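Tertiary structure, described
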Amino acid sequence: MRVRGRLTWGRRARAAAALAALLAGVVAPAVVLTPAAGAAAAGTPVCQVRDNRLRELSGMVATDDGYVVINDGADDEARRRIFFLDERCAVLRAVAYPSRPRDTEDLAIGRDGTVWVADIGDNDHSRATIALWRLAPGADEPVLHRMTYPDRPHDAEALLLDASDRPVVVTKGGSGTVFLYAPTAAPTPGATTPLASVGQVTLPTTSTSNPFSFLGRGVITGAASAPDGRRVVLRSYADAFEYDVPDGDVVRALTAGTPRITPLPDEPQGESITYSRDGRSLLTVSESADQPPGTRPTILRYPATDGPATAARPTDSAASALPTLARPIAEDTTGPGNRTWLVAAGVGTLVALLGLAGVLRWRHTARR
């Protein structure tokens, strides 16, 4: 979300959610204590987006002749479009929605060229339904498909399609653990399709430098499938986690696989990722609304990883990052010594968060 003189509701909600997660003990100390590094190489610029309607880019897919992008949120009517860009990032056409979306966050492209828009953002965790918009090749407007979670509302910013083009929603998380949901039947216009929980992913811990420090390394802000369907990638504000999908089973790849890591250092607010059409590169783009005047979103290219996975498998300490409601009762082994350690870790986390809040407030004041 952009900033104009003051923090928007979306940013306040995100900060509040992060604070609540930390104070509730959801963020694992292993993540909190991960130092920032800043030694990773930045991406190679591909092209710059100069259209003023495209300042809050949150979703992108590559096509044979360019890119498709969407903005985060739906506050500005002129930005509520599905934008088609050429290879130089110039807008070729913009497709309007037949009704107002709530919070568009990601894109995916099907095997037949159908574009799926993930209207799944929910900063306040208050939506009764989420939605996917399906834009068939050559269509003049997308078709709305509503869906509902089986348990509770979730904030989500990432969408994948499996080998049969079934949508898989990846929640944003906040603790280093994210959850996967898929529709129980083919989404149908005019109906609300139930979602089912199909798995969870514990992210590797990294030390990649990013504007949100440890918080930025524990959330998922975008996802993409390789053109041949044999790899998928999840991204945080800091890194790309790439998983092999040898048999087309995206959920099993994410829940049982070990990812390769590509650092995406210091992108201003990196929420978009896609594969190049040849599958050799990862392409990213950041929001630019909260940047110095004249800053334009720039598509960056990173070499796609190859070879054996480099990330360590999640450990028992990483598993402790699961939200309390998701942990089996048998895993509650908190004795007096552990309680003391947890209290100390919580106090340390609060001090770190207050320091981060001070930095954010200073940055906000400096912009005025």
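Please refer to the structure higher up on the page.
If you're wondering where the values come from, they're calculated on a predicted model, not measured in any experiment. (Residues numbered from 1 in each chain as written. Predicted model: local features only at pLDDT ≥ 70, side-chain atom pairs only at ≥ 80, totals over all residues. Heavy atoms only, no water.)

Moving on, we come to the overall build of the protein chain. Each helix and strand in the protein chain was counted, giving six helices and 20 strands. Out of the 368 residues belonging to the protein chain, those deemed buried represent 50%. Long-range contacts, defined here as pairs at least 24 residues apart, represent 56% of the contacts in the protein chain between residues at least 6 apart. Entry remark: accessible area of the protein chain is about 16,600 Å², with carbon and sulfur atoms responsible for 55%. (Helix = DSSP H or I, 4+ residues; strand = E, 2+ residues; numbered from the N terminus. Buried < 20%, exposed > 50% of the residue type's maximum accessible area, 1.4 Å probe, protein only. Contact = heavy atoms within 4.5 Å. Areas by Shrake-Rupley, 256 points an atom, 1.4 Å probe, with all protein chains shown as cover.)

On to the sheet that holds strand S1 (residues 44-48). Here we have four strands laid out as an open sheet, ordered S1-S20-S19-S18, and antiparallel in their pairing. With one partner strand each, in any of the chains shown, S1 and strand S18 (270-275) form the two edges of the open sheet. Between one strand axis and the next, the sheet turns through 30 degrees on average, direction left out of account. Where S1 meets strand S20 (residues 298-303), four bridges bridge the pair, whose relative direction is antiparallel. Pairing of threonine 44 across the sheet is with arginine 301, part of S20. (Pairing = 2+ DSSP bridges. Axes fitted to C-alpha atoms, helices over the stretch in contact; angles between N-to-C directions.)

A few words now on the nonpolar core. Residues Leu160, Val170, Ile220, Leu234 and Leu254 are the most contacted members of the largest nonpolar core, which totals 19 residues. The set of elements that each furnish at least two residues to this core consists of strand S10 (156-161), strand S11 (167-171), strand S12 (177-183), strand S15 (231-235), strand S16 (239-244) and helix H4 (250-256). For this core, the element with the most residues is H4, which contributes four residues. Contact partners of leucine 254, with chain neighbours within four places excluded, come to Leu160, Leu180, Val201, Val232, Leu234 and Tyr243. Among the nonpolar cores identified, the runner-up in size contains 15 residues, and Trp116, Ala118, Met147 and Val169 belong to it. (Core = buried A, V, L, I, M, F, W, Y, C linked by side-chain atoms within 4.5 Å.)

Moving on: the state of the cysteines. According to the stated counting rule, one finds one disulfide in the structure shown. One disulfide in the model links cysteine 47 with cysteine 89; its S-S distance is 1.8 Å. Between cysteine 47 and cysteine 89, the S-S dihedral sits near 50 degrees, and the bridge is therefore right-handed. Separated by 42 residues along the polypeptide, cysteine 47 in strand S1 and cysteine 89 in the loop between strand S4 (81-85) and strand S5 (91-96) bring together distant segments of the chain. (Disulfide = S-S within 2.5 Å.)

According to the stated counting rule, one finds three aromatic pairs in the structure shown. Ring geometry for tyrosine 97 against tryptophan 133: centres 5.1 Å apart, planes inclined by 65 degrees, an arrangement best described as edge-to-face. Within this pair, whereas tyrosine 97 is found in the loop between S5 and strand S6 (106-109), its partner tryptophan 133 is found in strand S8 (residues 130-135), the two being separated by 36 residues in sequence. Taken individually, tyrosine 97 and tryptophan 133 each receive the classification buried, so the pair is uniform in this respect. Ring centres 4.9 Å apart and planes at 75 degrees place the aromatic pair tyrosine 149 and tyrosine 181 in the edge-to-face group. Placement of the pair is tyrosine 149 in the loop between strand S9 (143-148) and S10 and tyrosine 181 in strand S12, with a sequence separation of 32 residues. (Phe/Tyr/Trp six-rings, centres within 6.5 Å; stacked < 30°, edge-to-face > 60°.)

This next bit is on the sheet that holds S15. Within a sheet, adjacent strands bond to each other through the backbone by hydrogen bonds, running parallel or antiparallel. Read from one edge to the other, the open sheet built from four strands follows the order S14-S15-S16-S17, with strand pairing classed as antiparallel. Sheet topology places strand S14 (222-225) and strand S17 (260-263) at the edges, where each strand pairs with a single neighbour. Averaged over all adjacent pairs, the angle separating strand axes in this sheet is 20 degrees, with direction ignored. Bridging between S15 and S16 involves five bridges; their strand directions are antiparallel.

What follows is about the side chain of arginine 231. Position of arginine 231 among the secondary structure elements: in strand S15. In terms of polar contacts, arginine 231 uses its side chain to reach the side chain of glutamate 242, at 3.3 Å. Once residues lying within four places of it in the same chain are set aside, the contact partners of arginine 231 are Ala224, Ser225, Ala226, Glu242, Tyr243, Asp244, Val245, Arg260, Tyr275, Gly279, Ala304 and Thr305. (Polar contact = N/O pair within 3.5 Å; in protein donor to acceptor, adjacent residues only side chain to side chain.)

Backbone phi values are negative for most residues with the exception of glycine, while trans is the configuration of most peptide bonds. Positive phi, close to 55 degrees, is recorded for histidine 125, a residue that is not glycine. The topology assignment puts histidine 125 in the loop between strand S7 (115-119) and S8. Its relative accessible area of 40% is what places histidine 125 among the partly exposed residues. Unusually for a residue other than glycine, aspartate 266 sits at a positive phi of about 60 degrees. In this fold, aspartate 266 is placed in the loop between S17 and S18. By relative accessible area, which is 45% here, aspartate 266 ends up partly exposed.

This next bit is on the side chain of serine 286. The residue serine 286 is located in strand S19 (residues 281-286) in this model. Within the local environment of serine 286, its side chain forms a polar contact with the backbone nitrogen of glycine 270, the two atoms lying 3.4 Å apart. For serine 286, the contacting residues outside a window of four places in its chain are Leu57, Glu267, Pro268, Gln269, Gly270 and Pro297.

By themselves, these figures tell us nothing about what the structure is for.
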